[in-house]
Every structure is written in structure tokens, then in C-alpha cells.
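Below, each chain spelled out in residue letters.
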Amino acid sequence: MLKPHDVVVITGASRGLGRHLAHQLARMSMRLVLLARHEEDLAEVVSEVVDLGADAFAIPLDVTQYEACKSAIDTACEQFGRIDVLVNNAGLSWWKPFDTWSVSEIDTVVDVNLKGTLYCSYAVLPYMKAQKAGQILNVASDVGRRAVPNMGPYVAAKHGVVGFSGSLLREVRADGIRVMCALPGIIDTYFGGAVEGSRDPSWAMYPEDMATALVHMLQQPANMVTDELLIHPLGQDY
């Protein structure tokens, strides 16, 4: 369960869901470490959450590089003394038939969505085990539980995130660590090259509403865990 001044690390924090989650946690007096590739957007988010009352700083990060992930996690712990929550939110993809993907695009989607989650979780575990407490919340996708066309590498990566989350939970729950997985459907963000605010609200969720759902997962009593939360727009039919 979250407490005021808990330390929360968020990847993919510069835009979309990560940005809205940072805003909500700032209003709850969390201490925030915001990680993302887009440095200018990241600086804006830090300014926003500080104005909301949070103690926060940013680290530009490419989650596909393990040493960079480890350095960011180490810096977060050095700055605040502990890490209570890691939200693995960084993600990207494209929509197109598999045989039109380049090998570089396949590598990028698998590296960001799956390996980035693995790398950051691997880096934070020693700290959480030493504390005998912590929460890891992995943001997968509803395609992690079902197949859709034209997103093969993304579907594969998100299936991997779901499987990893369940496996790690069963390894570390005895250490007082919760591992949870959120599987959202279509969110009105920059995902897939869209512009936030451009999607029809009848079939896309608002990012602030999905952020609220993530906060509820993190707010559960210590003796409870939501292994998975599958949530999507009522009008989404695929």
C-alpha cells in the first residue's frame, strides 16, 4: 500500500499514461524518479509534478540498455535511500503486417517492451529484497492475453511481460514484494504515432482514467495482490 513520501520509479514517464500517473502520484506526495528517452518532455513533467508538490527528478533513459537501467535505479536509491515502487511503463509499437516489419523494428519492439521490463526489474530487485518490501507494476497490454493481427512482435513481447510478471511474483512474494501486471486496451495517447487527444473517446480510454486504475492496484493492503488487471474501452471490439 502506498504511503506519503514513498519512492516511485516510472519508466516511459514523459508522455501518455506515464505522465498522467506521475501527476496523480505527485498529488499523493510521492517522491518520484521519472525515466524516459524524450528529455524535453521529461523536463516538462518534472516541472509539472514539482508544482503539484512532489519531490522529483528525471533521468533520461533508454530501457534497452541494461547498464543504463542499472545506473538509473542505483541513482534513484542513492538519492532517496530506497525504492518502494517500480512501474515498468515504457512501450512502443507499429501496426502493419509482420512481413513488412524490418528486423530493426522487431528488435526495437521486443527490446523496449520486454527486455526493458526485465532489465529494470532485475536492477531493482536487490534493493527491494534488502528492504523486504516493494511493488513492481508492469504495464503490458490486453494483447498480452489475446492475439490481434498486424502487431506480431508487440503481441509476442506483451505475452512475455505477462508471463514474466506471474513468474516473478511467485519467486519474490516471500520477500514481501508484489509483482502485478496491468493489461490495458486502447488508450488515447501517443502510442503508434498518434497524437494524444486524437482518438475517439467512444473506443479509447483516457490516460488519466487508466492511471487511476494503476494507483488502485498500488493502493491495495499489503496482504493482497492483483496478479493481473485486464481493462479496455467498452466499445473496443478487437
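Treat the numbers as computed from the prediction; the structure is a model and nothing was measured.

Participant: Just give me the short version of the packing of helix H1 (residues 16–27) against helix H6 (residues 207–218), but keep the residues and values in it.
Facilitator: Running from amino to carboxyl end, H1 crosses H6 at an angle of 60°, the nearest separation of the two axes being 8 Å. When the axis of H1 is compared with that of H6, the two are oblique. For the pair H1 and H6, the crossing hand works out as right-handed. Taken together, the residues of H6 that come into contact with H1 (itself represented by Gly16, Leu17, His20, Leu21, Gln24 and Leu25) are Pro207, Glu208, Met210, Ala211, Thr212, Leu214 and Val215. In terms of residue class, the contact of H1 with H6 is made up of eight nonpolar, four polar and one charged.

Participant: Before we move on, can you summarise H6 with the specific residues and values?
Facilitator: Taking 1.5 Å of rise per residue, the 12 residues of H6 would be expected to cover 16 Å, and the 17 Å separating its terminal C-alpha atoms lies within 8% of that figure. Turning to H6, its buried residues are Pro207, Met210, Ala211, Ala213, Leu214, Val215, Met217 and Leu218. In this structure, the buried side of H6 is in contact with H1, strand S4 (85–88), strand S5 (134–139), strand S6 (177–184) and strand S7 (228–231).

Participant: Describe the pairing of S4, with residues and values.
Facilitator: Of the two faces of S4, the one carrying Val85 and Val87 and the one carrying Leu86 and Asn88 are both buried. Pairing geometry for S4 and S5, over four bridges, is parallel. Across the sheet, the residue bridging to Asn88 is Asn138, located in S5. At this point the chain moves from S4, through helix H4 (residues 103–131), to the parallel S5, and the crossover so formed is right-handed.

Reading the values: rules and limits
- Residues numbered from 1 in each chain as written.
- Predicted model: local features only at pLDDT ≥ 70, side-chain atom pairs only at ≥ 80, totals over all residues.
- Heavy atoms only, no water.
- Axes fitted to C-alpha atoms, helices over the stretch in contact; angles between N-to-C directions.
- Helix = DSSP H or I, 4+ residues; strand = E, 2+ residues; numbered from the N terminus.
- Parallel < 35°, antiparallel > 145°, perpendicular 65-115°, else oblique.
- Left-handed = near helix turned anticlockwise from the far one by under 90°.
- Contact = heavy atoms within 4.5 Å.
- Nonpolar A, V, L, I, M, F, W, Y, C, P; charged D, E, K, R; others polar.
- Expected span 1.5 Å × (residues − 1).
- Buried < 20%, exposed > 50% of the residue type's maximum accessible area, 1.4 Å probe, protein only.
- Pairing = 2+ DSSP bridges.
- Right-handed = clockwise from strand over helix to strand, strands pointing away.

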